[in-house]
Amino acid sequence: MNKISLKDYDPTIQQAIKNELNRQEQGLEMIPSENFVSLAVLEALGSVLTNKYSEGYVGKRYYGGCEFIDVVEQTAIDRAKQIFGAEHVNVQPLSGAPANIAVYFALLNPGDTVLGMDLSHGGHLTHGHPVTYMAKIFNFIRYKTNAEGKIDLDNLRQMALEHKPKLILVGYSAYSREIEYEKIKAIADEVGAYTMADIAHIAGLIAGGQMNNPVPIFDVVTTTTHKTLRGPRGAMIMCKEKLATIIDKAVFPGLQGGPHENNIAAKAIAFKEALEPDFKEYARQIKANAKVLEKKFNDFGYKLMFGGTDNHLLLIDVFSTKGVTGKQAQIALDKAGITVNKNMIPDDPRSPMDPSGIRLGTPALTTRGMKEAEMETVADWINEAVINWEDENKLAEIKSKVIELTKKFPLYPELV
Ligand code: DSN
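Residues numbered from 1 in each chain as written. Predicted model: local features only at pLDDT ≥ 70, side-chain atom pairs only at ≥ 80, totals over all residues. Heavy atoms only, no water.

(A) Quick look at the overall build of the chain. In terms of helices and strands, the chain carries 17 helices and 15 strands. Scaling as 2.2 N^0.38, a compact globule of 416 residues should have a C-alpha radius of gyration of about 22 Å, and the chain matches this with 22 Å. Counting only C-alpha atoms, the chain reaches 60 × 60 × 40 Å along its principal axes. Within the chain, the fraction of its 416 residues that count as buried is 56%. A sequence separation of at least 24 residues applies to 72% of the contacts in the chain between residues at least 6 apart. Carbon and sulfur atoms provide 53% of the accessible area of the chain, an area that totals close to 17700 Å². Charge separation in the chain, taken as the distance between the mean sites of 47 positive and 52 negative side-chain charges, equals 1 Å. (Helix = DSSP H or I, 4+ residues; strand = E, 2+ residues; numbered from the N terminus. Rg over C-alpha atoms; globule rule 2.2 N^0.38 Å. Buried < 20%, exposed > 50% of the residue type's maximum accessible area, 1.4 Å probe, protein only. Contact = heavy atoms within 4.5 Å. Areas by Shrake-Rupley, 256 points an atom, 1.4 Å probe, with all protein chains shown as cover. Lys, Arg positive; Asp, Glu negative; His and termini not counted. Charge placed at Lys NZ, Arg CZ, Asp CG, Glu CD.)

Right, dumping it as structure tokens:
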């Protein structure tokens, strides 16, 4: 076994990790799906659990030596149940896409119809976008938001009556409004459809009591664990007990092999953190910070898609309001030390690689301890960078202010 330190053995990778640490320390991370995990979560990810195979489930493994692995996995399951009020939890999905795919294979037969939100209206690729393999296997019909930027439940009901889906899918990647789970469940019941919510973006807000929780209402709920929930990269599936066996079989052996138990340990730690009282305050502050950005960008005259935000993110049409494309805005903001992502707006006339919008959010900055006052300043800088997107001096000037601000909110001082 190689016993040399990373620094001495592989300086290329060690330097890239160090550079990434510095980038995270000195920048304003505003991609709404990103966050910063605790040192305890990092420690579990780098632990000897990565050495172990454990195909199967707690108490029913295909490998010997799983007695400690079982403790880890059962703890993660118990804590997830406690946070969300779930009847059954599978913590093995490697990430969000495999979690969603496993649910489709559990509940559907090839050719079955699914109602899912259109990608440009805030849905996700795995919710039936034509470029995915899932769209070749199942018949995804895509619903959209209405002119007010809301999910039109009357229209959704009409579509459900017309298409008779076997599954109605909600939960979004760029949609910024609350979801009326009871009403959607009533529509699904009318047509005999399963209900599935993908709460990847808002799981931390739900855990912190800041958004509606679909787990007691819907048949199946999937989530990644690394966004607002602030755990390691990975996912889990929560479902009603009656679906436990088919969901578990769809994850393993249906789709995956050995679970990544170092990752499951890190999930368990993140769930413990989410059960602490201060997690509620973190979730509250994420929304409060997003509300400050909403007001500022309204005042600056930007068009906010969906009319604003009820959660952690904003989808902003920079092209129609400032004549700057999403790509130009993203590049300018990168130069200013602020990371966002270019994003399609509903029915975007532009291309996905250079769309009309940018998507930004507050979870990572909130984790750093930033509050309303910092959001005011950050919004000013974002606006200045967007409207001066070609002015390299201006962008460099903003970047130096960004670095000064980040020094007041150190991220991983133990690692620098
Ligand atoms: N890629 C994630 C996001 O950024 O929203 C969703 O999977």
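Now that the structure has been shown, we can carry on.
(B) Main features of the side chain of threonine 126. For threonine 126, the position within the fold is in the loop between β5 (113-117) and α6 (133-137). Judged by relative accessible area, threonine 126 falls into the buried class, the value being 9%. Other than its neighbours up to four places away in sequence, threonine 126 contacts Ala97, Asn100 and Tyr104.

(C) Broad picture of the pairing of strand β12 (residues 313-317). Buried residues dominate β12, accounting for five of its five residues. Examined bridge by bridge, strand β11 (residues 303-304) and β12 share two bridges and lie antiparallel to one another. Pairing of leucine 304 across the sheet is with isoleucine 316, part of β12. Examined bridge by bridge, β12 and strand β15 (residues 357-361) share five bridges and lie antiparallel to one another. Paired with leucine 313 across the bridge in β15 is glycine 361. (Pairing = 2+ DSSP bridges.)

(D) Region of interest: the UniProt feature "modified residue: N6-(pyridoxal phosphate)lysine" (unreviewed entry) in the chain. Sequence positions flagged by UniProt for "modified residue: N6-(pyridoxal phosphate)lysine" (unreviewed entry) are, in local numbering, Lys227. Along the chain, lysine 227 falls in the loop between β9 (220-224) and β10 (235-239). Looking at lysine 227, the relative accessible area reads 12%, which means it is buried. Here lysine 227 is in contact with Ser33, Asn35, Ala200 and His201, once residues within four sequence places are set aside. (UniProt positions renumbered as here; feature names shortened; annotations may be inferred.)

(E) View of the sheet that holds β11. Read from one edge of the open sheet, four strands run β11-β12-β15-β14, paired in antiparallel fashion. At either end of the open sheet lies a strand with only one pairing partner, and these are β11 and β14 (341-343).

(F) Focus on the site of the ligand. By nearness alone, every residue bordering the ligand is listed as Ser33, His124, Ser173, His201, Lys227 and Arg359. In the model, an oxygen atom of the ligand is placed 2.7 Å from a nitrogen or oxygen of the histidine 201 side chain. When the free accessible area of the ligand is taken as 230 Å², the share hidden by the protein chains comes to 63%. Among the residues making up the shell around the ligand, the classes are represented as no nonpolar, four polar and two charged. (Near = heavy atom within 4 Å. Polar contact = N/O pair within 3.5 Å; in protein donor to acceptor, adjacent residues only side chain to side chain. Nonpolar A, V, L, I, M, F, W, Y, C, P; charged D, E, K, R; others polar.)

(G) Focus on the environment of threonine 223. With respect to the secondary-structure elements, threonine 223 resides in strand β9. By relative accessible area, threonine 223 is classed as buried at 1%. When the C-alpha atoms of threonine 223 and histidine 201 are compared, they prove to be 7.7 Å apart, with 22 residues separating the residues in sequence. Setting aside its immediate chain neighbours within four residues, threonine 223 contacts Ile199, Ala200, Ala203, Gly234, Ala235, Met236 and Met238.

(H) The arrangement of the nonpolar core in detail. With 71 residues, the main nonpolar core has Phe84 and Ile199 as its most contacted residues. Not counting residues up to four positions away in its chain, the partners in contact with isoleucine 199 are Phe84, Tyr181, Ile206, Pro214, Val221, Thr222, Thr223 and Met238. (Core = buried A, V, L, I, M, F, W, Y, C linked by side-chain atoms within 4.5 Å.)

(I) Geometry of the packing of helix α14 (residues 326-335) against helix α16 (residues 372-387). Their axes nearest at 9 Å, the elements α14 and α16 cross at an angle of 120°. Relative to α16, the element α14 is oriented oblique. As α14 packs across α16, the resulting crossing turns out to be right-handed. Each of Ala329, Ala332 and Leu333 in α14 lies in contact with α16, whose residues at this interface are Ile382, Ala385 and Val386. Looking at the contact of α14 with α16, its residues break down into six nonpolar, no polar and no charged. (Axes fitted to C-alpha atoms, helices over the stretch in contact; angles between N-to-C directions. Parallel < 35°, antiparallel > 145°, perpendicular 65-115°, else oblique. Left-handed = near helix turned anticlockwise from the far one by under 90°.)

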